[in-house]
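In case you want the letters, here they are:
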Amino acid sequence: MAEPSVETATGSTPDPVLHAPRRGSFVYFDLDEDAKARSLFQILREDGTADDAGVAGFDRALTRRLHEGMLTIRVTDARMMALQRQGRIGFYGEALGQEAAVVGSAAASRPDDWIVPALREAGVGLFRGMTLESYIAQIFGNALDPTKGRQMPCHPIDRANHYVVMSSCIATQIPHAVGVAMAMKALGDRDRCAFGYMGDGATSEGDFHVAMNFAGVFHAPVVLICQNNQWAISTPGVHQTAAETIALKGLGYGLESLRADGNDVLAVYEVCRYAADKARRGGGATFIELLTYRVSAHSSSDDPTRYRDEAVTEVWRRQRDPLHRLRVFMEARGWLEPGEHDALAAALEARVRDVIATVEAAGPPAVDTLIEDVYEQPTWRQREQLAALRAADGDPHDH
Ligand SMILES: Cc1ncc(C[n+]2csc(CCOP(=O)(O)OP(=O)(O)O)c2C)c(N)n1
Ligand SMILES: [Mg+2]
């Protein structure tokens, strides 16, 4: 693997399109703490219309970046699910219907922030510069995989873009994110923060409460984002919590807690910019609930028709699709030409197919890599085990 040093900030110049000073002003942010955590901040209505004052801070360049990020996830996820069904990859979990929450928050992060993702934030990594080649190689887990085939699909990492590998244990990501932020503060880092993600299910775990408490007490520069997609595999939101909203939970820990329409990418971007800018100024942690819906199955191993009313899913799919909403808004303003959405989707799909063709052609990771990265030098015991493995009959990985 690459050098084992402590990662330092790279490419820290904020992107002028994504990080221009905010121009819009919203009464939402002036509400009292309780009202912010109970209401739902929205800029783009379900039909793609918006008030001019609400969208004053958005322009063609910014919305096109958001649109491309969302479309990249949509197209990549669809191809990956097809590969899984064809038996070419082992497992996949989509973010279908959650692309606005993923990309709107990613766009609020800066290159030298740290991202600690949960289950459905690969699109954050891609938005920040993780290459499709790396992402897809990590799904195949073959010789091109920077993690040498050691992770399940959907647990990507991207060191260069400060995108931490997802821990599979639900909610562990939250203390990780808060810890990263506390370390930044202890080291005297200025003008950067950590983004920590979780699902609604994670909010029932002990780690959530511990991390929220630390975030509040230590005034950690962290943005804690809960993608409330209303399902934790087969557990619906009503069985997850008796609280009126998930955002309300943050108030008990002394955290400013916001709640936004997670299918409105502009609202997501705005609340995350607010929280990240605040953290960078030394204003401490913010908890954000993004209300969305898991339109797809939990993963390729799940069949939601067994436990939920898919008529409800259809409403979210047809009437609340975050990508369609943004597209309608942009087309009405001339920020996306007629037919451009489809052309972009086709071009992205061609690119994803090209990457798959290249990546799939690679063989499995070399068997020697099994003993790398454990000690600086492999021990005699490891070398002996490797030799025994090589000697084993019919070892398909010995090449
Ligand atoms: C500690 C722990 N318990 C159970 C699981 C099994 N598990 C994997 S994903 C998941 C549901 C997560 O739901 P949520 O946090 O809402 O995220 P979503 O899948 O909806 O994005 C569960 C229970 C796990 N990975 N870790
Ligand atoms: Mg969930």
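Residues numbered from 1 in each chain as written. Chains lettered and ligands numbered in written order. Predicted model: local features only at pLDDT ≥ 70, side-chain atom pairs only at ≥ 80, totals over all residues. Heavy atoms only, no water.

Brief notes about the overall build of the protein
Across its full length, the protein holds 14 helices and seven strands. Computed over C-alpha atoms, the radius of gyration of the protein comes to 21 Å, within 12% of the 21 Å expected from 2.2 N^0.38 for 399 residues, which places it in the range of a compact globule. Once the C-alpha set of the protein is aligned to its principal axes, its extents read approximately 70 × 50 × 45 Å. Of the roughly 17,400 Å² of accessible surface on the protein, a fraction of 55% belongs to carbon and sulfur atoms. Taking the average place of the 41 positive charges on the side chains of the protein and the average place of its 55 negative ones, the gap between the two points comes to 2 Å. (Helix = DSSP H or I, 4+ residues; strand = E, 2+ residues; numbered from the N terminus. Rg over C-alpha atoms; globule rule 2.2 N^0.38 Å. Areas by Shrake-Rupley, 256 points an atom, 1.4 Å probe, with all protein chains shown as cover. Lys, Arg positive; Asp, Glu negative; His and termini not counted. Charge placed at Lys NZ, Arg CZ, Asp CG, Glu CD.)

Considering the nonpolar core
Core analysis: the biggest nonpolar cluster contains 76 residues, and Phe41, Ile136, Phe195, Leu266, Val271, Leu326 and Phe329 have the highest contact counts within it. Non-local contacts of Leu266, meaning those with residues more than four positions away in its chain, are made with Ile43, Leu44, Val55, Phe58, Thr63, Leu66, Leu326 and Phe329. Core analysis: the second largest hydrophobic core is formed by 23 residues, Val116, Ala171, Val178 and Phe287 among them. (Core = buried A, V, L, I, M, F, W, Y, C linked by side-chain atoms within 4.5 Å. Buried < 20%, exposed > 50% of the residue type's maximum accessible area, 1.4 Å probe, protein only. Contact = heavy atoms within 4.5 Å.)

What to know about the packing of aromatic side chains
Inspection of the entire model under this criterion finds twelve aromatic pairs. The ring of Phe58 has Arg22 sitting right over it, with the charged end atom 4.9 Å from the ring centre. Lying over the aromatic face of Trp316, Arg320 brings its terminal NZ or CZ to 4.5 Å of the ring centre. (Phe/Tyr/Trp six-rings, centres within 6.5 Å; stacked < 30°, edge-to-face > 60°. Lys NZ or Arg CZ within 6 Å of the ring centre and 35° of its normal.)

Quick look at the sheet that holds strand 6 (residues 256-261)
Strand pairing in a sheet takes place through backbone hydrogen bonds and is either antiparallel or parallel in direction. Spatial ordering of the open sheet is given by 1-2-3-7-6, a layout of five strands whose pairing is parallel. The two strands at the open ends of the sheet, each matched to only one other strand, are strand 1 (114-116) and strand 6. Ignoring which end each strand starts from, the neighbouring axes of this sheet average 20° apart. Taken together, the six bridges between strand 6 and strand 7 (residues 286-291) define a ladder with parallel strand orientation. Opposite Ser257, over in strand 7, you have Phe287 as the bridge partner. The sheet strands contacting helix 6 (residues 173-186) are strand 1, strand 2 (194-199) and strand 3 (222-228), and the helix crosses strand 2 at an angle near 170°. (Pairing = 2+ DSSP bridges. Axes fitted to C-alpha atoms, helices over the stretch in contact; angles between N-to-C directions.)

Description of the site of ligand 1
Arg120, Ser168, Gly201, Asn229 and Trp231 are the nearest of the 15 residues found near ligand 1. A distance of 3.0 Å is found between a nitrogen atom of ligand 1 and a backbone nitrogen or oxygen belonging to Ile170. A distance of 3.3 Å is found between an oxygen atom of ligand 1 and a side-chain nitrogen or oxygen belonging to His298. Notes on ligand 1: free accessible area 580 Å², of which the protein chains cover 70%. Of the residues contributing to the shell around ligand 1, the split by class is seven nonpolar, five polar and three charged. (Near = heavy atom within 4 Å. Polar contact = N/O pair within 3.5 Å; in protein donor to acceptor, adjacent residues only side chain to side chain. Nonpolar A, V, L, I, M, F, W, Y, C, P; charged D, E, K, R; others polar.)

A closer look at the domain arrangement of the protein
Along its sequence, the protein is carved into domain 1 (27-365) and domain 2 (367-399). Look at where the C-alpha atoms of domain 1 and domain 2 centre, and you get two points 38 Å apart. In this assembly, four residues from domain 1 lie in contact with seven residues from domain 2. Across the domain 1 to domain 2 interface the summed buried area is about 470 Å²; carbon plus sulfur atoms make up 39%. Our count for the domain 1 to domain 2 interface comes out at three salt bridges. A salt bridge links Lys148 to Asp373, with the nearest nitrogen and oxygen atoms 2.9 Å apart. If you look at where domain 1 meets domain 2, you find six residue pairs in polar contact (both at pLDDT 80 or more). Considering only residue class, the side of domain 1 that touches domain 2 consists of two nonpolar, no polar and two charged. (Domains from an automatic or database assignment. Buried area = accessible area lost by both parts, 1.4 Å probe. Salt bridge = Lys/Arg side-chain N within 4 Å of Asp/Glu carboxyl O.)

Quick look at the coordination of the magnesium ion (ligand 2)
In this structure, Asp200 (OD), Asn229 (OD1) and Trp231 (O) serve as the protein donors to the magnesium ion (ligand 2), at separations of 2.1 Å. Along the chain, the residues that donate to the magnesium ion (ligand 2) are spaced as D-x28-N-x1-W. Residue classification places Asn229 among the buried positions, given a relative accessible area of 4%. (Donors = N, O, S within 2.8 Å, 3.2 Å for Na, K, Ca; no water.)

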